[in-house]
2 protein chains.
Amino acid sequence: MALQVGETAALSKTITDDDIHTFADLVGDHNPVHLDDEFARTTRFGRRIAHGMLSASLISALLANELPGQGTVYLSQSLRFVAPVFPGDTVTARVTVTKVREDKPIVTLETVCTNQRDETLIKGEAVVLIA
Amino acid sequence: MALQVGETAALSKTITDDDIHTFADLVGDHNPVHLDDEFARTTRFGRRIAHGMLSASLISALLANELPGQGTVYLSQSLRFVAPVFPGDTVTARVTVTKVREDKPIVTLETVCTNQRDETLIKGEAVVLIA
């Protein structure tokens, strides 16, 4: 069945210190904001935060795993980082179909990440090619 | 010294199969486009591709490691995925300062990822808060 505007899906993950270290090593992002307690205490956040792109990547996982699902390919993603993610926070990514093109297998989705207190962390939009 | 419009920095990384599996496990993105040779052969790409967000995350690393550097915090990132990254490709992320605000410690950078054949993979813009 074709996708419909308004369809939505969500995925949650608790961001652990292990995840932060794995991501830092994988992409080479050793920003002390993420890794160094002493440095992080001097920042506006007062303690270490997770990499924004780690939480943002949950959107990619959700698009691939569920909506639109297997074989989805990214065309674009915009990301506004609204609030920080702290180690131990549970991030919920939610995607909602906002546009389905008639002429091409291209779908636009609103993408939002929130935390366990329902605070918005990341807002944006994805455009994907569906399989 | 204050940042100047036109300042630029780059970072390269070869995306291995190990990297792709590490990223897939970390964020839970097991899209067969990335992991399953047989499925990938049936796609428009003809073979497995790396996760777009893995290459995009190199931009985050570059912003944190070099320009603007330590303590940089993301406000926003836009990403247009122009061409796929195949396992074994070397991705070069490049950021170039396009705007420095006078009133706030906020910098805008053009962000581009290219491969070893100098083909553009990802285009976009980052807005960051500098430490």
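Position numbers for residues count from 1 along each chain, tracking the sequence in the order it is written. Chain A is the first chain written and ligand 1 is the first ligand written, with later ones labelled in order. In view of the model being predicted, local features appear only for residues whose pLDDT reaches at least 70, and side-chain atom pairs are presented and counted only at 80 or more, with totals across whole chains, interfaces and linings using the full set of residues. Note that water and hydrogens are dropped before the side-chain values are worked out from all heavy atoms of the structure.

### Describing the relation of the copies chain A and chain B
Item 1. Rotating chain A by 180 degrees about the axis while translating it 0.0 Å along that axis superimposes it on chain B, leaving an RMSD of 0.0 Å. Look at the turn and shift together and you get a two-fold axis relating the two. Ranked by how close their C-alpha atoms come to the rotation axis, the residues of chain A are headed by Ser-78 of chain A, at 2.1 Å.
Item 2. Contacts are assigned to residue pairs that have any heavy atoms within 4.5 Å of one another. A high fraction, 100%, of the interface residues of chain A reappear at the interface in chain B, so the copies pair face to face through one surface. Copy-to-copy superposition: least squares on the C-alpha atoms, limited to residues that have pLDDT of at least 70 in both copies.

### Points about the nonpolar core
Item 1. Residues enter a nonpolar core if they are buried and are Ala, Val, Leu, Ile, Met, Phe, Trp, Tyr or Cys, with the set joined through side-chain atoms within 4.5 Å. Residue exposure (1.4 Å probe, protein chains only): buried if accessible area is under 20% of the type maximum, exposed if over 50%, otherwise partly exposed. Within the largest apolar cluster, 66 residues are counted, with the highest numbers of intra-cluster contacts made by Met-53 and Leu-79 of chain A together with Met-53 and Leu-79 of chain B.
Item 2. If near-sequence neighbours (up to four positions away) are discounted, Leu-79 of chain A is found in contact with Met-53, Ala-56, Ile-59, Ile-122 and Lys-123 of chain A together with Met-53, Leu-75, Ser-76, Gln-77 and Leu-79 of chain B.

### Section: the environment of Thr-43 of chain A
Residue and element names in this part refer to chain A.
Item 1. Each helix corresponds to a stretch of at least 4 residues labelled H or I by DSSP, and each strand to a stretch of at least 2 residues labelled E; elements are numbered beginning at the N terminus. By the secondary structure assignment, Thr-43 is in the loop between helix 3 (37–41) and helix 4 (52–65).
Item 2. When the C-alpha positions of Thr-43 and Leu-79 are compared, they lie 22 Å apart, and in sequence the two are 36 residues distant.
Item 3. Polar contacts here mean pairs of N or O atoms no more than 3.5 Å apart (in protein, one a potential hydrogen donor and the other a potential acceptor; neighbouring residues in sequence count only if both atoms are side-chain atoms). Separated by 2.7 Å, the side chain of Thr-43 and the backbone oxygen of Ala-40 make a polar contact.

### Some thoughts on the pattern of salt bridges
Any two side chains of opposite charge can pair, on the condition that their charged atoms come close.
Item 1. Salt bridges, as used here, are contacts in which a Lys or Arg side-chain nitrogen is within 4 Å of a carboxyl oxygen on Asp or Glu. Here the structure, examined in full by the defined rule, presents ten salt bridges over all chains.
Item 2. Taking the shortest distance from any N to any O, the salt bridge between Arg-48 of chain A and Asp-17 of chain A comes out at 2.8 Å. One end of the pair, Arg-48 of chain A, is in the loop between helix 3 and helix 4; the other, Asp-17 of chain A, is in helix 1 (residues 17–27), and 31 residues separate them in sequence.
Item 3. For Arg-48 of chain A, a relative accessible area of 11% corresponds to the buried category.
Item 4. Across the salt bridge formed by Arg-117 of chain B and Glu-119 of chain B, the nearest N and O atoms sit 3.4 Å from each other.
Item 5. Here the salt bridges do not stand alone but share partners, grouping Asp-17, Asp-37 and Arg-48 of chain A into one network.

### Examining the interface of chain A and chain B
Item 1. Listed per partner, the contact involves 38 residues of chain A and 38 residues of chain B.
Item 2. Regarding the contact of chain A and chain B, the summed buried area is about 3,200 Å², with carbon and sulfur atoms giving 64% of it.
Item 3. Where chain A meets chain B, there are 14 residue pairs in polar contact (both at pLDDT 80 or more).
Item 4. For the side of chain A that touches chain B, the secondary-structure elements that each account for two or more residues are helix 1, helix 2 (32–35), helix 4 and strand 2 (73–81) of chain A.
Item 5. Polarity classes work like this: nonpolar for Ala, Val, Leu, Ile, Met, Phe, Trp, Tyr, Cys and Pro, charged for Asp, Glu, Lys and Arg, and polar for all others, with Gly in that last group. A per-class count over the side of chain A that touches chain B returns 20 nonpolar, 13 polar and five charged.
Item 6. Strands qualify as paired when DSSP identifies two bridges or more between them. The sheet contact formed by strand 2 of chain A and strand 2 (residues 73–81) of chain B spans five bridges and is antiparallel. The partner of Arg-80 of chain A across the bridge, within strand 2 of chain B, is Ser-76 of chain B. By definition, the buried area sums, over both parts, the 1.4 Å-probe accessible area that each loses when the two are put together.

### Focus: the packing of aromatic side chains
Item 1. Working definition: a ring pair exists when centres of Phe, Tyr or Trp rings (six-membered ring for Trp) sit within 6.5 Å. Plane angles under 30 degrees give stacked, over 60 give edge-to-face, the rest tilted. Counted by the stated rule, this structure contains two aromatic pairs over all chains.
Item 2. Judged by centre distance (4.9 Å) and plane angle (15 degrees), the ring pair of Tyr-74 of chain A and Phe-81 of chain B falls under stacked. With one member in each of two chains, Tyr-74 of chain A in strand 2 and Phe-81 of chain B in strand 2 form a pair that bridges those chains. Like Phe-81 of chain B, Tyr-74 of chain A is buried.
Item 3. Residue placement shows Arg-47 of chain A over the ring face of Phe-86 of chain A; its charged tip is 3.8 Å from the ring centre. Charges are assigned to positions over rings by a cutoff of 6 Å between ring centre and Lys NZ or Arg CZ, combined with an angular limit of 35 degrees from the ring normal.

No statement about biological role is implied by the geometric values presented.
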